[in-house]
Amino acid sequence: MTSPLPERPLKLGTRRSPLAMAQACEARARLCNAHGWPESAVELVPVTASGDRIQDRPLADIGGKALWTKELDAWLISGEIDFAVHSMKDVETVRPEQFIIAAVLPRADVRDVLVGAASIHAIPPGARVGTSAPRRAALMLHARPDLTIVGFRGNVATRLAKLQTGEADVTLLAAAGLERLGETGVGHPLSEHEWLPAPAQGAIGIECLSSRDDLRHWLSAIDDTPSHDAIRAERALLLALGGNCHSPIAVLTTTDGTTLTLRAAIYSPDGAERVEDSESFAPRNADAPARLAHRLLEAAPEAIRVHFSGT
Ligand SMILES: NCc1[nH]cc(CCC(=O)O)c1CC(=O)O
């Protein structure tokens, strides 16, 4: 397809980390390809997010996922950028109402990769696991209560370097991120059926103001329906659970082409308690993920419940 060139280059806002820049380049390439535009039709506008600036404390303690999008959100509203590209895993469940997720790119590998040991059971007794993600910590402690979790923030390269210098013995990273950075030989992927991913892991989304019909039209050409359906359902689950960045939530969406199946588990942060359930439904059914959330919370002991605000 060839669409007339936009009157001026479109501004695509992105975080500045190497992974974010790689994802922004992928988004630009897909958009330009879909419309037969030269790459110069889309200009990348990098911003330093608060989440990247503040590295010494866990994200959950300093403002949560909003710190990844705060600056880009402000620029979308002021018109400084036309759209913004995000790792959907890092985007808060409730977004400013004037925004729309206009495109979700084809989802990449959803698995976590274990770095520093060949499998969960091969990790030496008492070893230190570097992660600041409540889900990764809870899954790990559930499987291996003998291990110790140490806080481990920073971008992918920083975390791999921290492992090298011995700040932890093993760590967990998203396969999608490693792949996009070209770090494909690193670590051992964990089966997504045994080690459930984070909601929206591996998905790149593009947001714009919902009033911008021109942008929405262009972006619809690169929206991947199966990926968007899965992300919509996983985010609906997250919303109904009332999960925040302290809440250990894991979810795997599978599809047979017509029906989505969400398999979700919630944990206490120490991994001692775990509740799992699943639900199958037609892709755009908005009630089904909430029903699943409701059942999970009803079955959850207090040690899990207190980390969720859903009902
Ligand atoms: N939390 C940071 C973050 N946000 C998205 C990714 C990877 C890419 C993705 O999951 O889409 C990562 C790194 C990681 O978890 O290893």
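Residues numbered from 1 in each chain as written. Predicted model: local features only at pLDDT ≥ 70, side-chain atom pairs only at ≥ 80, totals over all residues. Heavy atoms only, no water.

A. Molecular detail of unusual backbone geometry. A positive phi angle, close to 70 degrees, is found at Ala200, a residue other than glycine. Mapped onto the fold, Ala200 is located in the loop between strand E9 (188–189) and strand E10 (204–209). A relative accessible area of 1% places Ala200 in the buried class. (Helix = DSSP H or I, 4+ residues; strand = E, 2+ residues; numbered from the N terminus. Buried < 20%, exposed > 50% of the residue type's maximum accessible area, 1.4 Å probe, protein only.)

B. View of the sheet that holds strand E12 (residues 260–267). Read across the open sheet, the three strands follow the order E11-E12-E13; overall the sheet is antiparallel. On the outer flanks of this sheet lie strand E11 (249–255) and strand E13 (274–281), each paired with one strand and no other. With direction set aside, neighbouring strand axes in the sheet form an average angle of 15 degrees. Sheet topology note: the E11/E12 ladder contains seven bridges and is antiparallel. The residue bridging Thr253 from the neighbouring strand is Leu262, located in E12. Here helix H9 (residues 225–241) sits on the sheet in contact with E11, E12 and E13, set at roughly 35 degrees to E12. (Pairing = 2+ DSSP bridges. Axes fitted to C-alpha atoms, helices over the stretch in contact; angles between N-to-C directions. Contact = heavy atoms within 4.5 Å.)

C. Structural context of the pattern of salt bridges. The full count for this structure, using the stated rule, is 21 salt bridges. The partner of Arg128 in a salt bridge is Asp169, with the nearest N and O atoms 3.0 Å apart. Taken as a pair, Arg128 in strand E6 (residues 128–130) and Asp169 in the loop between helix H6 (156–164) and strand E8 (170–174) lie far apart in primary sequence, 41 residues in all. If you follow the salt bridges from partner to partner, you end up with Arg8, Asp82, Arg212 and Asp214 in one network. (Salt bridge = Lys/Arg side-chain N within 4 Å of Asp/Glu carboxyl O.)

D. How the structure looks around the sheet that holds E10. One open sheet holds the five strands; their spatial order is E2-E1-E3-E10-E4, and the pairing between them is mixed. This sheet does not close on itself; its edge strands, each paired only once, are strand E2 (42–47) and strand E4 (99–104). With strand direction ignored, the average angle separating the axes of adjacent strands in the sheet is 30 degrees. Two strands pair when backbone bridges link them, and strand E1 (residues 10–15) and strand E3 (residues 83–87) are joined in this way by two bridges, in the parallel orientation.

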